[in-house]
Amino acid sequence: MNIERIQQPFIKIFPGDTSNNPMQRNTPKVLFSTIKPAGFEKPQLIAFNEALSEEIGLGKYEKKDLDFLVGNHLPENIQTYATAYAGHQFGNWAGQLGDGRAILAGEITNDAGKRTEIQWKGAGATPYSRHADGRAVLRSSVREYLMSEAMFHLGVPTTRALSLAFTGEEVVRDIMYNGNPQLEKGAVVIRTAESFLRFGHFELMSAQREYNTLEELLDFTIENYFPEITSTDSQKYKDFFENICTRTANLMVEWFRVGFVHGVMNTDNMSILGLTIDYGPYSMMDEYDLNFTPNTTDLPGRRYAFGKQGQISQWNLWQLANALHPMIKDEKFLEDTLNRYGNYFWEAHDKMLCRKFGFDELKKNDEEFFTNWQGLMQELQFDYTLFFNQLEKLTSNVDIKEHFSNASYTFLNEENSNKLKNFIESYESRLKSNTISREESLKMMERSNPKFTLRNYLLYECIEEIENGKTELLEKLTKALKNPYQELFPEFSSKRPSGYDDTAGCSTLSCSS
Ligand code: AMP
Ligand code: MG
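Residues numbered from 1 in each chain as written. Chains lettered and ligands numbered in written order. Predicted model: local features only at pLDDT ≥ 70, side-chain atom pairs only at ≥ 80, totals over all residues. Heavy atoms only, no water.

## What about the domain arrangement of the protein chain?
One can read the domain layout of the protein chain as domain 1 (3-196), domain 2 (200-355), domain 3 (364-432) and domain 4 (456-500). A straight line from the C-alpha centre of domain 1 to that of domain 3 covers 44 Å. (Domains from an automatic or database assignment.)

Rendered as structure tokens:
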């Protein structure tokens, strides 16, 4: 790999602490602290993403590169660093946070001029680790590695994953926070993104009244990542905020399209580029449930439930608006933009649903149709992915109850079957008002409805296998997730097996990482 191509513009520009001190502490007035990865004696490679490595300019993997992948060997002239950010967690201001188990190497530019930041996750403590160890376990690392790639191939904006390796260390974790700590295998993932900047970076500078640095950070971000913004002065910052609103709304719509629940939508987990970032207790939806939250910490309030993600993203943008206010100084603009966000999101959301159903355009009565459909999905406990797959395969001569029975987590008795039949009738009559052909409509559905989604139980099985020294399922899932709109492996096109209904780490997850 060409690791000597890695450059470090970020830390050359912003105020930082270069003491290379891993002790946890507050670092006022700085945006980063230099810190070296811990170093691991017996690393072992589990997976490497060759295509991504080539794409970003790192080239081919050789055996000696493993030391770089776990942070043992660093390119010359590189100072590795962790960034400081702040955030609102579960609705409350949490003050200074920061990269607690992520360390940045810098960024690489490929031959086409595309820039990519490179970051180790789980490579050791930083000044921002608070009371934790900066390590990551195999479980959470496999989940990040596979899901971020699955999202990429689904077409959802996301950070990506380059490699997954055992550190050779064991790490203590209390997975369900119930006083039963266990030793788990440690792992490091390298993840990449155009930028890992979060809402929280801007919130930190604003809360500390570091307005000069805030302005510099804004200018840096716009210049480097928002070439479409050409305005100047405070209009530039207004355009920036509007742009983030649009990107965030589009991201939420994409999460709804594929059935992704993030689980910890704190503002420190919100990417300034509108990427899916920080894969923790996330889940793809099996049975459709607007109230579903995979995160056990979120269970009392279900703040981050599937159906709330649009609303919560707006709340998060409101916190960003507060942070940017000193630069924009126009409350009415910020308020109007946030109000427009709601309308924009819902329209984009409904248009997305139209594509899932194969409707040519959003019509007046579609909103009512979607509400009825949501009710049906919840009541008859349909699997989100399988329901649409079966809808695509529906023909006029099938028995509707039979056709959908394997897509439901409940028994379709006569009453339920009649509800389903009525719904399908209303669907077919809505299809008749399409101005596009049935073939075009079907193509639209096939592009919008994945055939393969990375369900939690599959991840659970994959992690168990890797722990037992096997990688067959990992390889199979890697193939499947690269082609999510095809059915490569029919065994993945079925519901979650009932044995997994209440399995910890499967239907419920914690932030323990
Ligand atoms: P999360 O909820 O995963 O986004 O994490 C919230 C904060 O806790 C972030 O600042 C993380 O960097 C930090 N954090 C989470 N797990 C660890 C860990 N194992 N070691 C150090 N910091 C951590
Ligand atoms: Mg985080």
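Here the narrative resumes.
## A look at the packing of aromatic side chains
Scanning all chains against the criterion turns up 48 aromatic pairs. Look at Tyr279 and Tyr282: their rings are 5.7 Å apart centre to centre, the planes differ by 85 degrees, and that puts the pair in the edge-to-face class. Across the pair, Tyr282 and Tyr279 agree in class, each one buried. Here the basic side chain of Arg303 rests over the ring of Trp315, its NZ or CZ set 4.6 Å away from the ring centre. (Phe/Tyr/Trp six-rings, centres within 6.5 Å; stacked < 30°, edge-to-face > 60°. Buried < 20%, exposed > 50% of the residue type's maximum accessible area, 1.4 Å probe, protein only. Lys NZ or Arg CZ within 6 Å of the ring centre and 35° of its normal.)

## Considerations on the nonpolar core
Membership of the largest hydrophobic core comes to 154 residues, with the highest contact counts inside it found for Phe241, Phe357 and Phe387. Top element by residues in this core is helix α7 (residues 233-258). It accounts for 12 residues. The residues touching Phe387, leaving out its near neighbours within four places in the chain, are Phe357, Trp373, Leu376, Met377, Phe382, Phe404, Ala407 and Phe423. (Core = buried A, V, L, I, M, F, W, Y, C linked by side-chain atoms within 4.5 Å. Helix = DSSP H or I, 4+ residues; strand = E, 2+ residues; numbered from the N terminus. Contact = heavy atoms within 4.5 Å.)

## Here we look at the pairing of strand β5 (residues 86-89)
Look at any regular strand and the pattern is simple: side chains alternate between the two faces of the sheet. Taken together, the 3 bridges between β5 and strand β6 (residues 92-96) define a ladder with antiparallel strand orientation. Bridging across to β6, His88 finds its partner in Trp93. Taken together, β5 and the strand that follows it, β6, pair antiparallel across an intervening segment of 2 residues, in which Phe90 is found at a positive phi of about 50 degrees. (Pairing = 2+ DSSP bridges.)

## Some words on the site of ligand 1
In the vicinity of ligand 1, 18 residues are found, and the nearest of them are Gly98, Gly100, Arg101, Arg130 and Gly134. Between a nitrogen atom of ligand 1 and a main-chain N or O atom of Gly134, the distance comes to 2.7 Å. Here Asn269 contributes a side-chain N or O atom positioned 2.9 Å from an oxygen atom of ligand 1. Protein chains shield 85% of the accessible area of ligand 1, which is 490 Å² for the free molecule. For the shell around ligand 1, the class distribution of residues is 3 nonpolar, 7 polar and 8 charged. Among the domains, domain 1 (3-196) and domain 2 (200-355) are the pair contributing at least three residues each to the shell around ligand 1. (Near = heavy atom within 4 Å. Polar contact = N/O pair within 3.5 Å; in protein donor to acceptor, adjacent residues only side chain to side chain. Areas by Shrake-Rupley, 256 points an atom, 1.4 Å probe, with all protein chains shown as cover. Nonpolar A, V, L, I, M, F, W, Y, C, P; charged D, E, K, R; others polar.)

## A word on the coordination of the magnesium ion (ligand 2)
Taken together, Asn269 (OD1) and Asp278 (OD) make up the full set of protein donors to the magnesium ion (ligand 2), lying 2.0 to 2.2 Å away. Take Asn269 and Asp278: they sit in the same class, and that class is buried. (Donors = N, O, S within 2.8 Å, 3.2 Å for Na, K, Ca; no water.)

## Observations regarding the UniProt feature "active site" (unreviewed entry) in the protein chain
The UniProt record annotates "active site" (unreviewed entry) at Asp268. In this structure, Asp268 sits in the loop between β12 (260-261) and β13 (283-284). By relative accessible area, Asp268 is classed as buried at 6%. Beyond its immediate stretch of four places on either side in the chain, Asp268 contacts Tyr85, Ala86, Gly87, His88, Gln89, Leu97 and Arg198. (UniProt positions renumbered as here; feature names shortened; annotations may be inferred.)

## Re unusual backbone geometry
With a phi angle near 65 degrees, Asp278 is a residue other than glycine that sits in the positive phi range. With respect to the helices, strands and loops of the structure, Asp278 is situated in the loop between β12 and β13. Asp278 gets classed as buried once you look at its relative accessible area, which sits at 12%. Phi is positive for Arg302, which is not a glycine, with a value near 50 degrees. When you line up the elements, Arg302 lands in the loop between β13 and α8 (309-328).

## Observations concerning the packing of helix α4 (residues 138-154) against helix α16 (residues 472-482)
Where α4 contacts α16, the axes come no closer than 8 Å and their chain directions differ by 25 degrees. One finds that α4 runs roughly parallel with respect to α16. Here Leu146, Glu149, Ala150 and His153 of α4 lie close against α16, whose contacting residues are Leu474, Leu477, Thr478, Leu481 and Lys482. Looking at the contact of α4 with α16 residue by residue, the class counts come to 5 nonpolar, 2 polar and 2 charged. (Axes fitted to C-alpha atoms, helices over the stretch in contact; angles between N-to-C directions. Parallel < 35°, antiparallel > 145°, perpendicular 65-115°, else oblique.)

## Considering the environment of Glu402
Topologically, Glu402 is positioned in helix α12 (residues 400-405). Relative accessible area serves as the criterion here: at 60%, Glu402 is assigned to the exposed category. Linking Glu402 and Leu412, residues 10 residues apart in sequence, is a C-alpha distance of 9.0 Å.

## Concerning the packing of helix α9 (residues 331-357) against helix α14 (residues 438-448)
At their nearest, the axes of α9 and α14 sit 6 Å apart, and the two run at 115 degrees to each other. Here α9 is positioned roughly perpendicular relative to α14, judged by the angle of their axes. For the pair α9 and α14, the contacting residues are Arg355, Lys356 and Phe357 in the first and Met444, Met445 and Ser448 in the second. Here the contact of α9 with α14 is built from residues that sort into 3 nonpolar, 1 polar and 2 charged.

## What about the pattern of salt bridges?
For side chains bearing opposite charge, pairing can occur when the charged atoms are close. A complete count under the given rule lists 34 salt bridges for this structure. Among the salt bridges present, the one from Glu287 reaches Arg496, with a minimum N-O distance of 2.8 Å. With Glu287 in the loop between β13 and α8 and Arg496 in the segment after α16, this residue pair connects regions lying 209 residues apart in the sequence. Between Lys451 and Glu392 there is a salt bridge, with the nearest N and O atoms lying 2.9 Å from each other. Highlighted residues: Lys451 in the loop between α14 and α15 (456-467) and Glu392 in helix α11 (residues 384-393), separated in sequence by 59 residues. Members of the salt-bridge network, linked through shared partners, are Asp286, Glu287, Asp383, Arg455, Arg496 and Asp501. (Salt bridge = Lys/Arg side-chain N within 4 Å of Asp/Glu carboxyl O.)

## Regarding the UniProt feature "binding site: Mg(2+)" (unreviewed entry) in the protein chain
In the numbering adopted here, UniProt assigns the feature "binding site: Mg(2+)" (unreviewed entry) to Asn269 and Asp278. Along the chain, Asn269 turns up in the loop between β12 and β13. For Asn269, a relative accessible area of 11% translates into the label buried. For Asn269, the residues in contact, after removing those within four places along its chain, are Arg198, His262, Val264, Ile277 and Asp278. When near neighbours in sequence (up to four residues on either side) are disregarded, Asp278 contacts Lys121, Arg191, Arg198, His262 and Asn269. Here the side chain of Asp278 touches Arg191 through a polar contact of 2.9 Å, side chain to side chain.

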